[in-house]
Amino acid sequence: MFHLHKATQVTPDEGESETLRQLARQYPYPPRAAEGPGARAPYVRANMVASIDGAVTVEGRSGGLGGPGDNAVFRTLRGLADVILVGAGTAITEGYRLPEPDAVFAELRAGNGQAPAPALALVSRSLSIPPDYAPLTHENTVVLTCAAAPADRRAALLDAGATLVDCGDDTVETEEIIAECGRREWPRVLCEGGPQLLGAVVAADLLDELCLTTSPVLAGGDAGRIVADTRADGAGLASRGMTPAAIMTDDDGFVFTRWVRHDRSSIH
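Here the structure is a predicted model, which is why all the values come from computation and not from measurement. (Residues numbered from 1 in each chain as written. Predicted model: local features only at pLDDT ≥ 70, side-chain atom pairs only at ≥ 80, totals over all residues. Heavy atoms only, no water.)

Engineer: Hey, could you go over the layout of surface pockets for me, with residue numbers and the actual values?
Structural biologist: If a probe the size of a water molecule is rolled over the atoms, the empty space left behind becomes visible. Space inside the largest pocket adds up to approximately 970 Å³. In terms of lining, the largest pocket is formed by 35 residues, of which the most central are Phe74, Arg78, Glu94, Tyr96 and Glu192. Of all the secondary-structure elements, those providing two or more residues to the lining of the largest pocket are strand S2 (43-51), helix H3 (68-80) and helix H4 (88-93). Of all the elements, H3 adds the most residues to the lining of the largest pocket, at six residues. (1 Å grid on protein atoms, 1.4 Å probe; cavity = no way out; pocket = protein on both sides within 12 Å on 5 of 7 lines; lining within 4 Å. Points joined across faces, edges and corners; volume = space filled by probe spheres on them. Helix = DSSP H or I, 4+ residues; strand = E, 2+ residues; numbered from the N terminus.)

As structure tokens, this is what we get:
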């Protein structure tokens, strides 16, 4: 039997900061192995939102599906992560800004040996990123691409001061993306999509955990799902068994679920 927590039970009256700290206790990253071949391997968590009928966007953006409770979970998960991994197209469409330090999580992050704020990793094969995109040139932002990316766009982003890392030759290899996170000492990876990137992570069998917000609306239309099948062979993704680690709801009708892989118990 699983417990369904009303938000009024996990978000007391002490204020916003206490609410966020309570949520952090619902979304812990597992301990990292101290040694062994997997000691540096990152733990990959995804955070996504969808309507009751599975739509991942409303009018082309996921932001239309959110609410105050979803924003609190979003802030909490970012407050716990070392890096936010996101498709460049999603970041631009959703208006991503540079992640900033959050005072609520400062003590926790310091105790874990984490940087004050998570880094931002933008994934793009096409490099269709405006050179004046605000977070692009910050030292905490990296663009993960491939050697075959358009040379003119690569040159424009490098001239703007961006940091580019090739994670593959012809395509951006998901395994190499996660390996690069490990090399940069980012063991707590938070993937925020979009569906194409999350589909690639699932196809590579690298997703350890999914945090899913179900918005209390029926969206209709032809919006996609949170996971897109990007494989060229069209064979479809293999089923991945997951277990609910937490189920919560709030007074606005949103449902927040945390799903973990059967065989994932630590930052392995």
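On we go.
Engineer: Go over the packing of helix H2 (residues 16-26) against H3 with me, naming the residues and quoting the values.
Structural biologist: Where H2 contacts H3, the axes come no closer than 9 Å and their chain directions differ by 65°. Of the possible angle classes, the one that applies to H2 and H3 is roughly perpendicular. In this structure, H2 meets H3 at a crossing whose hand is right-handed. Only Ala72, Val73, Arg75, Thr76 and Leu80 of H3 make contact with H2, whose side of the interface consists of Glu16, Leu20, Leu23 and Ala24. Of the residues assigned to the contact of H2 with H3, the class counts are six nonpolar, one polar and two charged. (Axes fitted to C-alpha atoms, helices over the stretch in contact; angles between N-to-C directions. Parallel < 35°, antiparallel > 145°, perpendicular 65-115°, else oblique. Left-handed = near helix turned anticlockwise from the far one by under 90°. Contact = heavy atoms within 4.5 Å. Nonpolar A, V, L, I, M, F, W, Y, C, P; charged D, E, K, R; others polar.)

Engineer: Summarise the packing of aromatic side chains; cite the residues concerned and give the values.
Structural biologist: Working definition: an aromatic ring pair is given by the centre-to-centre distance plus the angle between the planes. Inspection of the entire model under this criterion finds two aromatic pairs. Between Phe254 and Phe256, the aromatic rings sit 6.4 Å apart at their centres with planes inclined by 10°, giving stacked as the arrangement. Just as Phe254 is buried, Phe256 falls in that class too. In this arrangement the basic side chain of Arg45 is found over the ring face of Tyr29, its NZ or CZ atom lying 4.1 Å from the centre. (Phe/Tyr/Trp six-rings, centres within 6.5 Å; stacked < 30°, edge-to-face > 60°. Buried < 20%, exposed > 50% of the residue type's maximum accessible area, 1.4 Å probe, protein only. Lys NZ or Arg CZ within 6 Å of the ring centre and 35° of its normal.)

The values reported here are purely geometric and, on their own, carry no functional implication.
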